[in-house]
Structure formats: structure tokens, C-alpha cells
Amino acid sequence: MTAKVAIIMGSRSDLEAMNEAKDVLEKFGIEYEMRALSAHRTPQAVEEFITGLADRGFAAVIAGAGGAAHLAGVCASHTHLPVFGVPMRTTMAGGLDSLLSTVQMPRGIPVATTATGGTGAYNAALLAVSVIALSDEKIRQAYLDFRADQTANVLAQSVI
């Protein structure tokens, strides 16, 4: 059975961007669970969700949040699984505030931070796929095929 991925976001307003991660995981046939839980408003629910993931066959966490953007760090503090942080774009600073909050983790609690918004969620899912590909031959081959197809498509459009 293929490992699963958790997708967590600070609020439902992040759903459009985080659906990019969901779509990638579905493309590779990887199961996921998606939650909207706040690091600040529902901290106990975040802890309960995250701490049980490893025992339930999860391989990675994708965590997206805006503003203070503490969600990825809070998730990382409750699991040994890799956490991929996705800073959300904001009206106040265009996402720079979220990016800086997500990327500046204290030593010992790592969060791999992607680009902001949907592009970041898409890439976070590909990172999760690559983690699963380390121990799942079917996913590894699908990921290698994806990368080869991507390269071929770019090269096919390279002549202008």
C-alpha cells in the first residue's frame, strides 16, 4: 500500500491554492487527507491530527498558511515526518510575510518551504511524491515518467 500525505491549511480561504497539491497527489494515485485547522485557533486539533499520522501510514505533511504562517512549524514540532510549508499569498504583503514566517524555523525543527500559493502547493506535492518514490517502485517510475514528459513538453516548445 502506498504511503499517504496529509494536506493541512490554516483556513478554508487557502483551499483554492492547496487544491493544487491535492490534484498532484490524485494524479499519482496517492491517498491524502485534507484539513483546515488553525495553528492559533485550533492548536489541540492540529496536534491531534499531526501526531497520529506516522502510525497511520503517512509519509509527509503539506502545510499551507498565510500571515503569521505558523502552521507548518507547529506541524513539524509534532512529527518526525517531513513537512513542506506552503506560504499563502496575503493582501497585506503579497505573501512575503507568510514566506518569511514559514522559512525561518528554529534549528532542530525543519520545514522545507516552497514558493507561495498554488505553485508552492503543487511543488510541495511533488516533493511528497519524491519522498514516497524512495520506497515505492510504482510511484518512483510514475515520477520519473512525469519528469521525462515534462522535459519533452518543454523541449517540444523550445523552437520559436
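Below or above, wherever it landed, is the structure these notes cover. (Residues numbered from 1 in each chain as written. Predicted model: local features only at pLDDT ≥ 70, side-chain atom pairs only at ≥ 80, totals over all residues. Heavy atoms only, no water.)

Moving on, we come to a nonpolar patch on the surface. Together, Leu-96, Leu-100 and Val-103 give the surface a local cluster of nonpolar side chains, amounting to about 260 Å² of exposed area. On the secondary structure map, Leu-96 appears in helix α4 (residues 96-103). (Patch = residues over 30% accessible without salt bridge, like charges linked within 9 Å, V, L, I, M, F, W, Y side chains within 5 Å. Areas by Shrake-Rupley, 256 points an atom, 1.4 Å probe, with all protein chains shown as cover. Salt bridge = Lys/Arg side-chain N within 4 Å of Asp/Glu carboxyl O. Helix = DSSP H or I, 4+ residues; strand = E, 2+ residues; numbered from the N terminus.)

Here we take up the pattern of salt bridges. Here the structure, examined in full by the defined rule, presents 5 salt bridges. The residue Arg-35 makes a salt bridge to Glu-33 at a minimum N-O spacing of 3.3 Å. Residue classification places Glu-33 among the buried positions, given a relative accessible area of 18%. Glu-33 is the partner of Arg-56 in a salt bridge, and the nearest nitrogen-oxygen pair spans 2.2 Å. With Arg-56 in the loop between α2 (43-51) and β3 (58-65) and Glu-33 in strand β2 (residues 32-36), this residue pair connects regions lying 23 residues apart in the sequence. (Buried < 20%, exposed > 50% of the residue type's maximum accessible area, 1.4 Å probe, protein only.)

Turning our attention to the environment of His-40. Take His-40: it is sitting in the loop between β2 and α2. Note: C-alpha distance between His-40 and Arg-147 (107 residues apart in sequence) is 38 Å. Ignoring sequence-local partners within four residues, the contact set of His-40 consists of Ala-68 and His-70. (Contact = heavy atoms within 4.5 Å.)

With that settled, consider the packing of helix α5 (residues 117-133) against helix α6 (residues 137-156). Where α5 contacts α6, the axes come no closer than 8 Å and their chain directions differ by 135°. Taken together, α5 and α6 sit at an angle that is classed as oblique. Note that α5 runs across α6; the crossing there is left-handed. Residues Tyr-122, Leu-126, Val-129, Ser-130, Ile-132 and Ala-133 of α5 form the contact with α6, whose own contacting residues are Ile-139, Arg-140, Tyr-143 and Phe-146. Tallied by class, the residues present in the contact of α5 with α6 amount to 8 nonpolar, 1 polar and 1 charged. (Axes fitted to C-alpha atoms, helices over the stretch in contact; angles between N-to-C directions. Parallel < 35°, antiparallel > 145°, perpendicular 65-115°, else oblique. Left-handed = near helix turned anticlockwise from the far one by under 90°. Nonpolar A, V, L, I, M, F, W, Y, C, P; charged D, E, K, R; others polar.)

Within a sheet, each strand pairs with its neighbour through backbone hydrogen bonds, oriented either parallel or antiparallel. In spatial order, the strands read β2-β1-β3-β4-β5; together these 5 strands make up an open sheet with parallel pairing. Unpaired on one side and paired on the other, β2 and β5 (112-113) mark the two borders of the sheet. Sheet contacts for α2: β1 (4-9), β2 and β3; angle to β1, the most-contacted strand, approximately 170°. Along the sheet, α5 makes contact with β1, β3 and β4 (83-87), crossing β4 at roughly 170°. (Pairing = 2+ DSSP bridges.)

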